[in-house]
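Chain by chain, the residues run as shown.
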Amino acid sequence: MGDSQTWTAAPSAAEHARSVLAASWSCAVTAEGGREEFVGAHTVAEDGRVTLDVPEDSTLVAAAICAPRGEPSAVLEFADVAPVPVRSRIRARLWIAGWFVPVDGRLEFKATRVVLRRPSGAVVVDLDEFAAAEPDPLATAEARLLTHLADCHPDAVERLTRLVDADSLHGAVRVQPLAVDRHGLTLRIERARAHGDVRLPFHAPADDVARLTERMHVLLTRASAASCPRALQRQRTDRDG
């Protein structure tokens, strides 16, 4: 996919929701029979429909058979967990309400409502937009990319803080990469008793890992040309002392 000349600096709610769904390995289901956790049991169709492969003795099977058709009777929950150890690692939660339909020994979920909760608040995602949206192209590679950046290139993370407003770095004790998508990189700035996030947008979207590498090089080049924030200068001096 070529670089687009028109793009936004952050994914839409529908795109974010589809990215959470694409990257999630586990799923919690709340239904009349209670709450069950499933790991590696769900698949996602191109339009976002979720199908669960559950044991025959699961209470969900009985609930699906007995529930009135067309009436919401279950909620699927997916958690978006930061791959790098930071405070408040849950970056977002996705809830999908609806009902199950048994199909060929599996449970296909018919969604009636999609809600995405981010730090900025919860938003109801339009069902048609959710079905039409595509996951971020980096969603399934994000965990590997961020852990590599944090573990193998801490110097690069520190250099990127030169692109952050000095006020946002006041009292910072640690900076870690929190998230990355085709539109930009988000840094988590941790202070003694609080934390905040700063987003560094790319100059153009990164639709694959190769383009992401180029976008990161551009950010690092800009950072190298900037002066080191005084807040981090003081921290470095304190550590060296």
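My aim in this report is to walk through the structure given alongside it, one point at a time. (Residues numbered from 1 in each chain as written. Predicted model: local features only at pLDDT ≥ 70, side-chain atom pairs only at ≥ 80, totals over all residues. Heavy atoms only, no water.)

### Looking at the sheet that holds strand S11 (residues 195-201)
(1) Moving on: A sheet is described by the order of its strands in space; here three strands give the open sequence S9-S10-S11, paired in antiparallel fashion. Across the chains shown, the open sheet's two edge strands, defined by having one partner strand only, are strand S9 (172-181) and S11. In this sheet, adjacent strand axes meet at a mean angle of 25° when their direction is disregarded.
(2) Moving on: As defined by bridge partners, strand S10 (residues 184-191) adjoins S11 across seven bridges and the pair is classed as antiparallel. Considered in S11, the bridge of Leu185 is made with Leu200.
(3) Moving on: Where helix H4 (residues 142-152) meets the sheet, it contacts S9 and S10, and its direction lies at approximately 150° from that of S9. (Pairing = 2+ DSSP bridges. Helix = DSSP H or I, 4+ residues; strand = E, 2+ residues; numbered from the N terminus. Axes fitted to C-alpha atoms, helices over the stretch in contact; angles between N-to-C directions. Contact = heavy atoms within 4.5 Å.)

### Here we look at the nonpolar core
(1) Moving on: Leu160, Leu185, Leu187, Phe202, Leu212 and Met216 are the most contacted members of the largest nonpolar core, which totals 30 residues.
(2) Moving on: Contributing elements (two or more residues each) for this core: H4, helix H5 (154-160), S9, S10, S11 and helix H6 (209-225).
(3) Moving on: For this core, the element with the highest residue contribution is S9, accounting for five residues.
(4) Moving on: Setting aside chain neighbours within four positions, we find Leu185 in contact with Leu146, Leu149, Leu160, Pro177, Ala179, Val180, Val198, Arg199, Leu200, Phe202 and Met216. (Core = buried A, V, L, I, M, F, W, Y, C linked by side-chain atoms within 4.5 Å. Buried < 20%, exposed > 50% of the residue type's maximum accessible area, 1.4 Å probe, protein only.)

As far as function goes, none of this settles anything; it's purely spatial.
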